[in-house]
Structures are given as C-alpha cells and as structure tokens.
Amino acid sequence: MRLPAGVRERVAAVHGGAELPERLRLYDGWAARYEQDVAALEYRAPQLAAASLAFAFPAPPAGARLLDVACGTGLVARELHRRGFRCLDGVDGSAGMLERARSTGLYRQLRPCVLGREPLPAPAEHYDAVTVVGALGEGQVPSAAVPELLRVTKPGGFLCLTTRSNPSNLRYKAELEAALEGLERQGAWRKVLAQEVERWERATSEEESTQGTGYISGVVYVYRKCPVPPLEEG
C-alpha cells in the first residue's frame with residue numbers, strides 16, 4: 001500500500017539536516033497533519049514505549065510525576081493515560097506541536113524547550129519517570145543530552161527512550177548506545193529492558209526498509225536511575 005501524497009516529503013524535510021530554526025518551523029507547519037501522517041506510517045513507538053514503561057513500573061502510576069520530552073502533539077500522553085498515568089508534564093521545541101498537545105487536556109504543564117540546546121525546565125530529581133519517544137535520532141536530540149534526562153529524574157525513577165534502527169540512523173544509534181552503556185558503567189542507572197521491534201513504522205524509501213519488508217525497525221530502552229530504593233533491590 002502506497003503512502004498518502006506528501007507524507008514522504010514531510011518526513012524527509014524534518015529529518016533533512018536543516019538548521020534548528022528551520023526545523024522548528026517545519027514541525028510547526030506539520031503539526032496539523034502530524035497525527036494523520038504517523039497513522040499512515042503505522043508508527044508504533046508511542047504504544048510500545050508506554051506499554052514498556054507501565055510494565056516496568058512497580059506501583060500504581062496515577063500519582064507518579066512524568067515528563068514527556070519532545071512531546072509533539074501528545075501521542076505518548078494518550079498511551080500513558082490509558083495505562084493509568086495522570087500527572088503528565090510535557091516539553092517540545094515546536095510551538096505548533098505544543099498547541100496541539102495542549103488541546104488534548106492530558107498535561108498539567110507544557111513548556112517550550114529544545115533538549116540539547118537548553119536545560120529542561122525542571123528542578124533536579126523532580127520526576128518519577130521521563131520519556132523521550134521519537135526524538136532521539138540523527139539530526140534531532142543529540143545523545144550527549146541524555147545526562148540532562150537523568151538530572152530531572154528521582155533516584156529509583158525510570159527513563160524510557162526510543163530510537164530507530166534504519167540504515168540512516170545506525171551511526172546515531174551506536175553513539176546513543178555507547179552513551180547509555182557508559183552511564184550504566186558509571187553506576188548512574190541500570191538497564192531494565194531493551195526491546196528490538198521489527199515493524200516500528202513503515203519505511204519511506206526502499207533503502208530504509210528492513211530486509212525488503214517495507215518497514216523500519218526500532219528499539220525501546222527502559223533504565224532505572226540509581227540508587228534504587230533498598231526495599232526494591234534484588
């Protein structure tokens with residue numbers, strides 16, 4: 001099945017290496033069609049990430065404070081809300097995306113922030129969980145920004161991250177995994193799961209397709225910030 005007209009072009013534009021002001025302008029312009037386009041792409045990262053985080057969470061999540069980084073239009077918030085998360089804050093660099101996210105009514109607070117260019121607008125050790133779904137990729141949030149996610153997470157809190165495994169993102173994925181493993185060696189966090197998913201979303205070109213399937217693959221990571229509370233060790 002062919003992708004609807006314009007989807008490939010819009011995806012290529014935001015991943016095309018434009019400078020930040022132009023990229024944010026492209027996201028602002030895409031906001032009205034974004035959910036329609038990702039539905040056509042069969043983009044599964046929001047569901048997969050929310051399910052992975054809910055599985056890892058040791059307690060009922062309704063009172064847990066969660067920060068949705070690069071929240072876009074609120075797709076991840078919808079999936080988290082379905083799984084019992086209620087205290088959601090969000091940040092995104094695109095005013096257009098934030099406007100759409102605000103219309104969902106699912107967030108307590110929404111603030112502008114470009115992770116990698118500025119600190120997150122939150123105090124240290126404030127959140128029980130932090131998500132970054134879809135923004136860790138080539139030309140987007142740099143892997144060097146991961147420690148800032150840890151800064152705002154409580155000890156014992158969870159971080160849920162995703163990235164793609166398509167050919168044009170493999171260099172970034174290797175850099176990201178080196179950063180994740182380095183933080184684990186330092187004792188900053190420990191890995192809870194890393195789930196490889198073959199049909200992450202539909203490919204926008206044959207070159208990006210995984211073994212000719214017409215889809216690209218991706219991965220969900222869940223980490224837990226150290227130290228973990230003593231009663232939950234083991």
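Up top is the structure these notes are about.
Residues numbered from 1 in each chain as written. Predicted model: local features only at pLDDT ≥ 70, side-chain atom pairs only at ≥ 80, totals over all residues. Heavy atoms only, no water.

1. What about helix α3 (residues 45-56)?
The cut-off we apply is this: Helical segments are the DSSP runs of H or I of at least four residues, strand segments are the runs of E of at least two, and each set is numbered from the N terminus. To estimate how far a helix should reach, multiply one less than its number of residues by 1.5 Å. Each residue is placed in one exposure class: buried if its accessible area under a 1.4 Å probe, protein chains only, is under 20% of its type's maximum, exposed if it is over 50%, and partly exposed if it falls in between.
Its 12 residues place the ends of α3 16 Å apart at the C-alpha level, agreeing with the 16 Å of an ideal helix rising 1.5 Å per residue. For α3, the full list of buried residues reads A45, P46, L48, A49, A50, S52, L53 and A56.

2. Some words on the pattern of salt bridges
Cut-off, in case you're wondering: Salt bridge, as used here, is a side-chain nitrogen of Lys or Arg placed within 4 Å of a carboxyl oxygen of Asp or Glu.
Going through the model one piece at a time under the given rule, you end up with 11 salt bridges. Among the ionic pairs, E79 bridges to R82, the shortest N-O distance being 2.6 Å. Of the two residues, E79 and R82 are both situated in helix α4 (residues 75-82); the distance of three residues between them amounts to about one turn of the helix. Judged by relative accessible area, which is 11%, E79 ranks as buried. Classification of R82 by relative accessible area gives exposed; the value is 60%. Residue R108 pairs with D89 through a salt bridge whose shortest N-O separation is 3.2 Å. Of this pair, R108 sits in strand β3 (residues 107-112) while D89 sits in strand β2 (residues 87-92); the two residues are 19 residues apart in sequence, bridging distant segments of the chain. In this structure R108 comes out as partly exposed when scored by relative accessible area, which is 47%. What emerges from the salt-bridge pattern is a single network uniting E79, R82 and R83.

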